[in-house]
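The primary structure of each chain is shown beneath.
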Amino acid sequence: MENQSNAAPVAAAAAAEVSSTTQPAEPTKRSLRVQTWKKIQEGKVGLGFNGIFNRIPAFVDADKAAALLIQEEEFKKAQHIKVTIDRALHDFKEQALLANKSVYLPSTRDSSALFLKVEVPEDATDEQKKESLRVQDIQKFRSEIGLDSKLKLDLVVIGSVVVSRDGYRIGRGNGFADLDIGLLIELGVITPQTAIVTIVHDVQVVDTLPVNLFQKYDSPVDIIVTPTEVIRVAKRLPRPSGVFWELLSERRLKILPVLQQLKEQLEKSGKTIALKEEDTDVEQHQNSRRRRGHLRRRFQRGNPGRTTSQTDNEQQGQENAQKRAPRRKGRFVNRRRRTNKSEGDQSGVEVGAKSEDRKFDEAGAGERRPKRKNLPRRDFCVKLSNLTRDIRVKDLKTELRKRECNPLAISWKGHFGKCYLHFGNRNGGPSTQEDVDKVLKSLNDLSLTITTGGGESAPAAGAEEPPAENANAPVQTKTINLSVELLKNRKKADGNVTGGEEGGNANTTSPVNGAAAAGGEGGAASRIESVDTTTV
């Protein structure tokens, strides 16, 4: 009996230890996000090399989800639609513009506008409407909507990381989407008649989420659209009543000028607004920068020393203690004896001459810099566009070899649908117009024949991995015609400007149609400036 009584507490302690290690901890929003990101990665349904973790993930078949949403009555009746800038919603934004809907996008962080309206001409073609979404110059196809606008939104489409069938939503974690919806509710732009929709992949949908994780500022959704189904929330969850100023800090208002503008308007009307005294987001921002420090130190060029994560006061107090002493010279830098010619040295080195190693160490330099190869000069560049995601860089190289076109380098931008071929004279001299014409002639009527499907070929470097469901797709062969465009920059040679006005450069872009050649100045006297690959 004594042995049994002593064994009972031991067994209970062992059972408690096993339960503590096997039972999962209480879920948090962060743990649910990481779990979903891993499911997307393991299922190979995400897009982009870094497009899954710590963001709203882009996924395959997003166009199918957009096609389902435009068939719903809420979309057909809606005229004013606001969409966030998540990559997973790009196909829906295109479909909304093609359906002649008024599409609104979030404003930039340095703008005091409430949001931006996509402005396209009434007679714009479908391709021009799509181009208006891809343009980066917001002054070209955007107009600002201010706080004084009386606009009422009919539909709001947002991205999500995790969403439950009963309407609870978890975003990427920065809180801007919830704050934006609360701001629009505060101003009356979002009404009870406005439907809030999210577009996600099927693996991002769960049956339920812990209710205790959600606060009064979290925004639920009314409709969930996946590539395979449309889920309607049976009972609408309560939305935020507006902006909760007591949860915002002074720094958050500086990030979003529209919030600062609204605060000033409310204070002028007599309302007292108290902000959060302690900015808890600052520590999170500092920690993220500290985690990225080792990468910055590793890849930063010419970094003088180790970066620290201490505060300014600690750095000042320990500046003398942690001051690094200069690097000590080696005691035996160059032990090889330097002899003169009279002692039989056949190397021809004079007495007192120093080797490059010795000069380098005495100059106080650090590591030896590798000698730079004498690479040929890049004189002109040819842009190839209309590339599809199925094209790999080796397909292009094979076709160029057949045409006896040998560029010095290729800047591959296949995920943007383009690439750049850099040419130059391998003999060291500047390229002539005859060299340019020869290259353009070899690229005349350039087309690529590629084979898709089958799942046998590996994806190209930098390309998205094909989804698992397309691994057994039938093999198809198609021909893609590429657009060829010459990019060159004529610059003055020997003090004279060739082909341009005096005192400046003439940047020209010449499309190539058929066997047409660009440029009007011939001869060896004309010189073509090299194209900066970092800008293209």
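Looking at an unreviewed UniProt entry, one finds the protein named Methenyltetrahydrofolate synthase domain-containing protein and attributed to Drosophila albomicans.

Relative to each other, helix H5 (residues 90-98) and helix H6 (residues 126-134) sit at 135 degrees, their axes nearing to 10 Å. Here H6 runs oblique to H5, going by the angle between their axes. Relative to H6, H5 is oriented so that their crossing is right-handed. Here His90, Lys93, Glu94, Leu97 and Leu98 of H5 lie close against H6, whose contacting residues are Asp126, Lys129, Lys130, Ser132, Leu133 and Arg134. Partitioning the contact of H5 with H6 into residue classes produces three nonpolar, two polar and six charged.

By convention here, two paired aromatic rings are described through the distance between centres and the angle between planes. For the structure shown, the criterion picks out five aromatic pairs. Taken together, a centroid distance of 5.3 Å and an interplanar angle of 70 degrees make the contact between Tyr104 and Phe115 edge-to-face. Note that Tyr104 is positioned in strand S2 (residues 102-106) and Phe115 in strand S3 (residues 115-118), a separation of eleven residues in sequence. The pair Tyr104 / Phe115 is uniform in exposure class, with both members buried. Its guanidinium or amino end placed over the ring of Phe75, Lys101 lies 5.2 Å from that ring's centre, counting from NZ or CZ. Lying over the aromatic face of Phe176, Arg252 brings its terminal NZ or CZ to 4.7 Å of the ring centre.

Despite not being glycine, Lys44 has its phi angle at roughly 55 degrees, a positive value. Structurally, Lys44 is set in the loop between helix H2 (29-43) and helix H3 (62-69). A relative accessible area of 41% means that Lys44 is categorised as partly exposed. Despite not being glycine, Asp445 has its phi angle at roughly 55 degrees, a positive value. Here Asp445 is to be found in the loop between helix H16 (433-442) and strand S15 (447-452). Look at Asp445 and you get exposed, because its relative accessible area is 59%.

With that settled, consider the nonpolar core. Leu114, Phe115, Leu153, Trp245 and Leu259 are the most contacted members of the largest nonpolar core, which totals 36 residues. With six residues, the top contributor of residues to this core is helix H8 (residues 176-187). Beyond its immediate sequence surroundings of up to four residues, Leu259 is in contact with Leu179, Leu183, Val243, Trp245, Leu248 and Leu253. Counting 26 residues, the second largest nonpolar core, distinct from the first, contains Ile70, Phe75, Ala96 and Ile223.

This part takes up the environment of Ala62. Tracing the backbone shows Ala62 in helix H3. C-alpha of Ala62 to C-alpha of His90: the two residues are 28 residues apart in sequence and 8.5 Å apart in space. Ignoring any residue separated from it by four or fewer positions in sequence, one finds Ala62 in contact with Ala88 and Asp91.

Rules of the game
Residues numbered from 1 in each chain as written. Predicted model: local features only at pLDDT ≥ 70, side-chain atom pairs only at ≥ 80, totals over all residues. Heavy atoms only, no water. Axes fitted to C-alpha atoms, helices over the stretch in contact; angles between N-to-C directions. Helix = DSSP H or I, 4+ residues; strand = E, 2+ residues; numbered from the N terminus. Parallel < 35°, antiparallel > 145°, perpendicular 65-115°, else oblique. Left-handed = near helix turned anticlockwise from the far one by under 90°. Contact = heavy atoms within 4.5 Å. Nonpolar A, V, L, I, M, F, W, Y, C, P; charged D, E, K, R; others polar. Phe/Tyr/Trp six-rings, centres within 6.5 Å; stacked < 30°, edge-to-face > 60°. Buried < 20%, exposed > 50% of the residue type's maximum accessible area, 1.4 Å probe, protein only. Lys NZ or Arg CZ within 6 Å of the ring centre and 35° of its normal. Core = buried A, V, L, I, M, F, W, Y, C linked by side-chain atoms within 4.5 Å.

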